[in-house]
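Survey of secondary and tertiary structure
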Amino acid sequence: MRASIKSRLFLITYAIILAFIVGLIVLNNTYLERYYIRYRQQTLLAAFDDVQMVNLTQVNTSEQMFEIEQEYNINIHIFKARIVPDNPFNETIGDLPRPFIRLYGSEFSMHDGAISRIMLEFNEQMGGDTSALVNPVPMEDESYIAYFMGAGPQEVIPGSDTQMLSFCVATEESDGLLLYYVLTVTFQSMRDAIGVFNTFTILVGFIFMIISGLVMYLISYKFTNPILEINKVAQNIANLRFDERVNINAKDEIGDLGNSINMMSHQLEDAINELKRANEQLSQDIELKDKIDAMRKEFIANASHELKTPLSLIMGYSEALKLPGLDPNTTEEYVNIILDETNKMNKLVMGLLKISQLEGGFTESQLSIFSIVDLIEETLRLFSIVFDENKIHLETSLLDIEVESDYDQLQTVLTNFIANALHHVDEHRNVKVYVEQLSEMDIRVVVYNSGISLPEAEFERIWESFYKVDKARTRSYGGQGLGLSIAKTTLINLGHAYGVRNVSGGVEFYFDIKTIVPK
């Protein structure tokens, strides 16, 4: 099981605290006593520098020595060796005089036996003998002989656990006798002190571990929660989810990391959205290309089919004209058929040329302001003879509104709509042209013919070139299926909406246009 960063941080901190406490105990047991003795030795050396500056013949010598003792927390003893007479056999050892004279110091802090031992050690040092109990100290003034000497508890005060460290210095006076300086510092057993210190360290460490545990839990919670939040957002980014952001207000590296994650998320989201849009556009382009290829193939097939029939008829009747013995009436009939098919081919080619010009943008729009009524009435007059011949019942409902567009191109659209209505009108022979007000600035021009409703699946395809809902009927009136395609392309170039819809009893084709002055 993987440990979380919070638990690892907590355990590492606890381990460091525990290692610190254990290390402190080990160092105390190993080096504390040695360090303390060295420190006190330096204290004694510094105190001796002050002691040797005191003139022992002055009246206030005791006051000066006492001040030094208080300053360095030590005891000072000064004594001078004296000549001891030979011990006659008739005198006891207890009656012998002491081999020294105390100049300063109390015998309660250092008894005579300790002084005698110090003098003995000096004599051995001066005689060239060495002792493991003392540590000679080289002095700048060669007239001084000095050493450090330690004394156990029983040697200082019998029955106590007090230890003593002594700095002993001897110098020869003018009378040939030695003057001794003994600076001592007493302290309790270091082992007991270290044991107490270790116990105290463990107790304080235990309390500190409890307190630090609570503090580290809060710190680790505050420290790791932003990291967990960043990790959550990063996982969402890896899963391409960019709806979440890092909410960290810290002014430190974690805050900078959160801001960087947010910036990366935003940039990745923009890049992926842009890539999606590019992919969608590419898909649309590929689909459009496939559609254009299919339309191109269909266009070529339809154009070939539309040209094949008149060409076949022209070729057939042209061959027939070569036959001998044709009477004039038959010859004239064949020539008329050839001319009729030639006209159909001409109309087809002109229609294809018109579509090519419109789709290629070679036709420039000539915008002008004109009345929609004038456009519709003039266009209807072009069909007046056709209406009469086919007994069409024409109905109009117009609005006298001015618009801005290309008059000729819009008339071509309206002409194709009316021609389409005439080709598909049923036996009721009803055709209606009217203008509908869509909004304050928009109108709709509608051409209606009575007839069979168009299948809704055909609504998009009827605007394609050569597409015919009823191919047999289209051939009967000579249409090639280009009129609505021309109308669609024209309206797209002019920016007008268009459409077809089934209504009660017939079909309506329309286009929308904006007015110049609101009605």
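I will try to describe carefully the structure that is included in this document. (Residues numbered from 1 in each chain as written. Predicted model: local features only at pLDDT ≥ 70, side-chain atom pairs only at ≥ 80, totals over all residues. Heavy atoms only, no water.)

Comments concerning the sheet that holds strand β12 (residues 498-503)
- Read across the sheet, 5 strands follow the order β8-β10-β11-β13-β12 without closing on themselves; strand pairing throughout is mixed. Only two strands of the sheet have a single neighbouring strand rather than two, namely β8 (393-397) and β12. Across the sheet, the mean angle from the axis of one strand to that of its neighbour is 20°, orientation sign disregarded.
- Strand contacts of helix α8 (residues 372-382): β8, β10 (430-437) and β11 (442-450), with the helix running at about 170° to β10, the strand carrying the most contacts. (Pairing = 2+ DSSP bridges. Helix = DSSP H or I, 4+ residues; strand = E, 2+ residues; numbered from the N terminus. Axes fitted to C-alpha atoms, helices over the stretch in contact; angles between N-to-C directions. Contact = heavy atoms within 4.5 Å.)

Describing the nonpolar core
- In this structure, Ile372, Phe417 and Phe509 are the most contacted members of the largest nonpolar core, which totals 40 residues.
- Among the elements of the structure, α8, α10 (407-424), β10, β11, α12 (483-494) and β13 (506-514) are those that each provide at least two residues to this core.
- Looking at which element gives the most residues to this core, the answer is α10, with 9 residues.
- Leaving out residues up to four positions away in the same chain, Ile372 has contacts with Leu399, Ile401, Val403, Val435, Ile443 and Val445.
- Core analysis: the second largest hydrophobic core is formed by 24 residues, Ile68, Phe148, Phe167 and Leu179 among them. (Core = buried A, V, L, I, M, F, W, Y, C linked by side-chain atoms within 4.5 Å. Buried < 20%, exposed > 50% of the residue type's maximum accessible area, 1.4 Å probe, protein only.)

Focus: a nonpolar patch on the surface
- On the surface, Ile5, Leu203, Phe206, Ile207, Ile210, Ile211, Leu214, Val215, Ile219, Phe223 and Leu228 cluster together into a nonpolar patch covering about 1,000 Å² of accessible area.
- Counting residues per element, the nonpolar patch draws most heavily on helix α5 (residues 190-238), at 10 residues.
- Mapping Leu203 onto the fold places it in helix α5. (Patch = residues over 30% accessible without salt bridge, like charges linked within 9 Å, V, L, I, M, F, W, Y side chains within 5 Å. Areas by Shrake-Rupley, 256 points an atom, 1.4 Å probe, with all protein chains shown as cover. Salt bridge = Lys/Arg side-chain N within 4 Å of Asp/Glu carboxyl O.)

Concerning a negative patch on the surface
- Taken together, the side chains of Asp374, Glu377, Glu378, Asp400, Glu402 and Asp408 present a region of like negative charge at the surface.
- No other element matches the 3 residues that α8 contributes to the negative patch.
- For Asp408, the location among the structural elements is in helix α10. (Lys, Arg positive; Asp, Glu negative; His and termini not counted. Charge placed at Lys NZ, Arg CZ, Asp CG, Glu CD.)

Digging into the packing of aromatic side chains
- Following the criterion strictly, the structure yields 13 aromatic pairs and no others.
- Centroid distance Phe148 to Phe167: 4.9 Å. Interplanar angle 40°. Geometry classified as tilted. Residue Phe148 is found in strand β4 (residues 144-151), and its partner Phe167 is found in strand β5 (residues 163-172); the two are separated by 19 residues along the sequence. Just as Phe148 is buried, Phe167 falls in that class too. (Phe/Tyr/Trp six-rings, centres within 6.5 Å; stacked < 30°, edge-to-face > 60°.)

Here we look at the packing of α10 against α12
- At a minimum axis distance of 9 Å, the contact between α10 and α12 shows a crossing angle of 150°. The angle between α10 and α12 falls in the class roughly antiparallel. The way α10 lies across α12 gives a crossing that is left-handed. Residue-level inspection shows Gln409, Leu410, Thr412, Val413, Asn416, Phe417 and Asn420 of α10 in contact with α12, the latter providing Gly483, Leu484, Ile486, Ala487, Thr490, Leu491 and Leu494.
- Within the contact of α10 with α12, the residues separate by chemical class into 8 nonpolar, 6 polar and no charged. (Parallel < 35°, antiparallel > 145°, perpendicular 65-115°, else oblique. Left-handed = near helix turned anticlockwise from the far one by under 90°. Nonpolar A, V, L, I, M, F, W, Y, C, P; charged D, E, K, R; others polar.)

Quick look at the packing of α8 against α10
- Taken N-terminus to C-terminus, the directions of α8 and α10 make an angle of 50°; their axes are 10 Å apart at the nearest point. Relative to α10, the element α8 lies oblique. As for the relative orientation of α8 and α10, their crossing is right-handed in sense. The segment α8 lies against α10, with Asp374, Leu375, Ile376, Glu378, Thr379, Leu380 and Leu382 engaging Tyr407, Leu410, Gln411, Leu414, Thr415 and Ile418.
- Within the contact of α8 with α10, the residues separate by chemical class into 8 nonpolar, 3 polar and 2 charged.

Some words on the side chain of Asn416
- Within the secondary structure layout, Asn416 lies in helix α10.
- Overall, the relative accessible area of 17% leaves Asn416 in the buried class.

Shape descriptors only; they carry no functional weight alone.
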